[in-house]
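Residue-level structure breakdown
What follows is each chain in one-letter form.
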Amino acid sequence: MGEGTRDIPAWATARRAEIASPAPRVLDHPTWNSQTADILAEGRRRPFAWLDALRPSRWPRSLLIFAPLLALGVPALDSLVALYCAFCALGLVAAASDLVYDMAHLSEDRRDPLTRRRPLASGHLGFDRALVLAGFVAALGFVLAAIVSPVFAGWLALYPVLALGYAFWLKRVAGLDVLALAALYLHRLIAGAIVLGV
């Protein structure tokens, strides 16, 4: 167990490391990133780490929910408002699903050079806060979906099942990985059609 760079020699010979209040330069050290390690207390948190943990770069994928508009010509204003709210609900539930996946793969992310800088893996967002954030975001998404339409809310409940099923299992199965991805895109399309009644 350690808290700074002076403890790196001990970590180099340890099978498992625990680190308290790490500084960014410690998290960047190759010894830290080669360990199966636990962060006991986060150091200086990155501003808006909670927002980064929700993967905003993936939010545009939910824009596919607007595709059924092409079949309507000029939609009514209330249809546009409902569809926008549905887009937000889908984005929130998708973000919560991504966060659950990150929490389940925390140890692997810390050892991966491509994912170790994610808010959870780097220690800028604590596990307990991430759990609360995922629950809050998912609940907010489903409340918003229920306001749009109970049918849409029920359909939306299928999304995390598909997304986490793909992330945990289906993406490793040849053939099923492509079908699962297609199902996720189709889910978004049908979600828009449900909201618009197409």
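Presented here is a report on the structure given in the accompanying data block. (Residues numbered from 1 in each chain as written. Predicted model: local features only at pLDDT ≥ 70, side-chain atom pairs only at ≥ 80, totals over all residues. Heavy atoms only, no water.)

1. Quick look at the nonpolar core
Ranked by internal contacts, the top residues of the largest apolar core, which has 19 residues, are Ile65, Leu83, Ala145, Phe152, Leu156 and Tyr159. At 7 residues, the largest contribution of residues to this core is made by helix H5 (residues 77–104). Filtering out sequence-adjacent residues up to four positions away, Phe152 remains in contact with Ile65, Ala86, Ala89, Ala145, Ala191, Ile194 and Val195. The next biggest cluster of nonpolar side chains, apart from the first, holds 15 residues, and it includes Ala53, Ala95, Met103 and Ala138. (Core = buried A, V, L, I, M, F, W, Y, C linked by side-chain atoms within 4.5 Å. Buried < 20%, exposed > 50% of the residue type's maximum accessible area, 1.4 Å probe, protein only. Helix = DSSP H or I, 4+ residues; strand = E, 2+ residues; numbered from the N terminus. Contact = heavy atoms within 4.5 Å.)

2. Here's the deal with the pattern of salt bridges
A full pass over the atoms with the stated rule returns 4 salt bridges. Two residues, Arg118 and Asp102, come together in a salt bridge whose shortest N-O distance is 3.3 Å. With Arg118 in the loop between helix H6 (106–111) and helix H7 (119–122) and Asp102 in helix H5, this residue pair connects regions lying 16 residues apart in the sequence. What makes Asp102 buried here is its relative accessible area of 5%. (Salt bridge = Lys/Arg side-chain N within 4 Å of Asp/Glu carboxyl O.)

3. Observations concerning the side chain of Ser62
Its location among the elements puts Ser62 in the loop between helix H4 (49–53) and H5. With a relative accessible area of 3%, Ser62 lands in the buried category. Not counting residues within four places of it along the chain, the set of residues in contact with Ser62 comprises Phe87, Leu90, Gly91 and Arg188.

4. So, helix H10 (residues 158–168)
The complete set of buried residues in H10 reads Tyr159, Pro160, Ala163 and Ala167. All buried residues of H10 project into a common sector of 90° when viewed along the axis, lining one side. Taken together, the buried residues of H10 touch H5, helix H9 (150–156) and helix H11 (176–196). (Arc of directions from axis to C-beta.)

5. Some words on the packing of aromatic side chains
Enumeration over the complete set of coordinates arrives at 3 aromatic pairs. Ring geometry for Tyr84 versus Phe87: centroids 6.4 Å apart, planes at 35°, classification tilted. With Tyr84 and Phe87 both in helix H5 and 3 residues apart, this pair spans about one turn of that helix. Of the residues examined, Phe87 reaches a relative accessible area of 18% and is grouped as buried. By the ring-pair criterion, three or more aromatic residues cluster together here, those being Phe66, Tyr84 and Phe87. (Phe/Tyr/Trp six-rings, centres within 6.5 Å; stacked < 30°, edge-to-face > 60°.)

6. Side note on the packing of H5 against H10
Interhelical geometry of H5 versus H10 gives an angle of 30° and a closest axis separation of 10 Å. Helix-helix and strand crossings are classified by hand; for H5 and H10 the assignment is right-handed. Taking contact as the criterion, the partners of Leu90, Val93, Ala94, Ser97, Val100, Tyr101 and Ala104 in H5 are, on H10, Tyr159, Pro160, Ala163, Leu164, Ala167 and Phe168. Class assignment of the residues belonging to the contact of H5 with H10 gives a composition of 12 nonpolar, 1 polar and no charged. (Axes fitted to C-alpha atoms, helices over the stretch in contact; angles between N-to-C directions. Left-handed = near helix turned anticlockwise from the far one by under 90°. Nonpolar A, V, L, I, M, F, W, Y, C, P; charged D, E, K, R; others polar.)

7. Structural notes on helix H8 (residues 127–148)
A rise of 1.5 Å per residue sets the reference length of H8, with its 22 residues, at 32 Å; its end C-alpha atoms lie 32 Å apart and thus fit the reference within 8%. The complete set of buried residues in H8 reads Ala130, Leu133, Ala134, Val137, Ala138, Gly141 and Ala145. Axial view of H8: buried residues confined to an arc of 120°, hence all on one face. Every exposed residue of H8 that faces more than 90 degrees away from the buried side is listed here: Val132, Phe136 and Ile147. In this structure, the buried side of H8 is in contact with H4, H5, H7 and H9. (Expected span 1.5 Å × (residues − 1).)

8. Notes on unusual backbone geometry
Look at Arg55: it is not a glycine, yet its phi comes out positive at around 55°. Structurally, Arg55 can be placed in the loop between H4 and H5. When its relative accessible area of 10% is taken as the criterion, Arg55 is described as buried.

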